[in-house]
Amino acid sequence: MHHSGLFVEPACEHNHCPDKMGCSSPKPGERTQPCAFQGSQSVLMPILDTAHLVHGTASCLQNGWGMLKAQSPGASLSKLVFSMGMTEENITLGSEKKLLQMIGQIIRRHHPPCIFVYATCSTVFAMENLNAVCEQAEKTWGIPVIAVDNPGLSGGPNIGNRYAGEALFKKVIGAADVEVQECTPFDINLIGGYPFAQEMKEIEGLLSEAGIRVMTRIGGDCSFDELRAAHLAKVNMLVGGRSMLNLARHMRDTFDIPFCEGSFFGSNEIRFSLRQLAYYFQNAELDDRLQRYMRKEEARLRKEISLTCKPLKGKKVMLFTEGSESWLYISALHELGLRITAIGTHSNAREDVSRIKERIKEDTLILTEIDEKSMLKLYESRQADLMIVSGRSAYVPLKEKIPFLDIDEDRRKTYSGYAGLRRMAEDLMDILEQPVWQTVCRRPPWEV
């Protein structure tokens, strides 16, 4: 059940460092944050027309369902999410027969093109062979029934993303004959995770305007047939992180699809990402089209920023965010004229820290470990004007009456693309101009 190979991804440059080899494995009692099971769900549940069955307790079902339900508007089968509702009796005496019956019931009632069956910690405790049951179900009903080996105790959400990538590569992408879509010379796949499901729609719109078609959004809203045709794309682009680097590597080695990384937060990042795509396509016509598109959008953006974003120029901001959010917005903030005085990071991989260092200016302080008290002390000593927060840091400025922007994926708007940068500028100005910050800091009348 434990896939130790996923902790040492060959395509990750940090796995060639002499002092560290691979991602850290979880230690007993360490999993208080989202787990591997939730990570897999975040990649697979956006496949809108498939069914998702959790082989675990009802509480496991709630783990990711509420979060993902709020992600995409509209009805879809994937939002139902089915659970075995395992009891102590099921774990002790086994539940394979019950699992088979439940798969049959879902197929008869909802007719999905595929069912994903998620292992949980309960699957490990019950010592059940999920793969054998899924294979039997597949033979009986004639549709793909895919076991996803992602028990929560096996690691964090990034490892869960990789489990999902393995399942997609082995069982879905290019695994069956599909009706060949009308391909264009410039077809790509976007590969991301849950935080970028919404961003992918924005990025797809931008690429479409520039003349590049997105065939499939892996980790974003898509259909099962779109995923099966993902091997027909010319390039894969990882957006917002490398947690599914294993899938990109497999597709490169098997289908000869090169991959690159891209970010679309801020015009400099967009320019770099589009140039990378142009490099892979090697087409003079596309090259000219991209240059014209970028020149037009950047000129328009510069004009708007110079006219409307003057209040942001020179304002000091501190970032206390998690994962890739720690570096994704740095270029965009610089473009808007803000000064980043410090970046405190939580749960950051080595690759995140290296990307922060590539983007910051000399006077920015990086703090990999910082508690709430130190965070506030630093905010005062650096005379910052606002905080940008996410995850467990989000409530600190709220409690201390400090202006802040919460960029957690559950709350924020999309900030990718040229339009996203405008939205971010508007939100930052709204926050700084809010009179509520002066009101809440006034002394009460009985103390005056």
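Residues numbered from 1 in each chain as written. Predicted model: local features only at pLDDT ≥ 70, side-chain atom pairs only at ≥ 80, totals over all residues. Heavy atoms only, no water.

1. Looking at the overall build of the protein chain
The number of helices and strands found in the protein chain is 19 helices and 13 strands. Out of the 448 residues belonging to the protein chain, those deemed buried represent 55%. Partitioning the contacts of the protein chain with sequence separation of at least 6, the portion at a separation of at least 24 is 71%. Total accessible area on the protein chain is roughly 20700 Å²; 52% of this is exposed by carbon and sulfur atoms. (Helix = DSSP H or I, 4+ residues; strand = E, 2+ residues; numbered from the N terminus. Buried < 20%, exposed > 50% of the residue type's maximum accessible area, 1.4 Å probe, protein only. Contact = heavy atoms within 4.5 Å. Areas by Shrake-Rupley, 256 points an atom, 1.4 Å probe, with all protein chains shown as cover.)

2. Remarks on a nonpolar patch on the surface
On the surface, Val-124, Phe-125 and Leu-153 cluster together to form a nonpolar patch covering roughly 270 Å² of accessible area. If you trace the backbone, Leu-153 turns up in the loop between β4 (145-148) and α7 (157-171). (Patch = residues over 30% accessible without salt bridge, like charges linked within 9 Å, V, L, I, M, F, W, Y side chains within 5 Å. Salt bridge = Lys/Arg side-chain N within 4 Å of Asp/Glu carboxyl O.)

3. Looking at the packing of helix α4 (residues 96-110) against helix α6 (residues 130-141)
Running from amino to carboxyl end, α4 crosses α6 at an angle of 35 degrees, the nearest separation of the two axes being 10 Å. As for the relative orientation of α4 and α6, their crossing is right-handed in sense. Residues Glu-96, Leu-99, Leu-100, Ile-103, Gly-104, Ile-107 and Arg-108 of α4 form the contact with α6, whose own contacting residues are Leu-130, Val-133, Gln-136, Ala-137 and Trp-141. Its residues placed into classes, the contact of α4 with α6 shows eight nonpolar, two polar and two charged. (Axes fitted to C-alpha atoms, helices over the stretch in contact; angles between N-to-C directions. Left-handed = near helix turned anticlockwise from the far one by under 90°. Nonpolar A, V, L, I, M, F, W, Y, C, P; charged D, E, K, R; others polar.)

4. Remarks on the packing of aromatic side chains
The tally for this structure, following the rule as stated, stands at eight aromatic pairs. Consider the rings of Tyr-293 and Tyr-418, whose centres lie 6.1 Å apart with planes at 70 degrees: the pair is edge-to-face. With Tyr-293 in helix α12 (residues 284-308) and Tyr-418 in helix α18 (residues 417-433), the pair connects residues that are 125 residues apart, well separated along the chain. Judged by its relative accessible area of 8%, Tyr-293 is buried. (Phe/Tyr/Trp six-rings, centres within 6.5 Å; stacked < 30°, edge-to-face > 60°.)

5. Some details on the sheet that holds strand β8 (residues 259-262)
With parallel pairing, four strands are arranged side by side in an open sheet as β6-β5-β7-β8. Of all strands in the sheet, those with a lone pairing partner are β6 (213-218) and β8, marking the two edges. With strand direction ignored, the average angle separating the axes of adjacent strands in the sheet is 30 degrees. Judged from the five bridges that link them, strand β5 (residues 187-191) and β6 form a sheet pairing that is parallel. Within β6, the residue paired with Ile-188 across the bridge is Val-214. (Pairing = 2+ DSSP bridges.)

6. Describing helix α1 (residues 36-44)
Within α1, nine of the nine residues are buried, which leaves it mostly tucked inside the rest of the structure. If you check which residues of α1 are buried, you get Ala-36, Phe-37, Gln-38, Gly-39, Ser-40, Gln-41, Ser-42, Val-43 and Leu-44.

7. Points about the sheet that holds strand β1 (residues 51-55)
Within the open sheet, the four strands sit side by side as β2-β1-β3-β4. Their pairing is parallel. Only two strands of the sheet have a single neighbouring strand rather than two, namely β2 (82-83) and β4. For β1 and β2, the ladder comprises two bridges, and the chain directions are parallel. What sits directly across from Leu-53, in β2, is Phe-82. Across the sheet, α4 touches β1, β2, β3 (115-119) and β4, and the angle it forms with β1 is around 160 degrees. Where α6 meets the sheet, it contacts β1, β3 and β4, and its direction lies at approximately 170 degrees from that of β4.

8. Topic: the nonpolar core
Grouped together as the largest cluster of nonpolar side chains are 72 residues, with contacts concentrated most on Leu-207, Leu-274, Leu-336 and Leu-428. Take this core: its biggest share by element is seven residues, from α18. Two domains each donate at least three residues to this core, and these are domain 2 (180-305) and domain 3 (313-411). Here Leu-428 is in contact with Leu-312, Leu-333, Leu-336, Leu-338, Leu-386, Ile-388 and Leu-405, once residues within four sequence places are set aside. Counting 36 residues, the second-largest nonpolar core is a separate cluster that includes Val-43, Met-45, Phe-224 and Ile-257. (Core = buried A, V, L, I, M, F, W, Y, C linked by side-chain atoms within 4.5 Å. Domains from an automatic or database assignment.)

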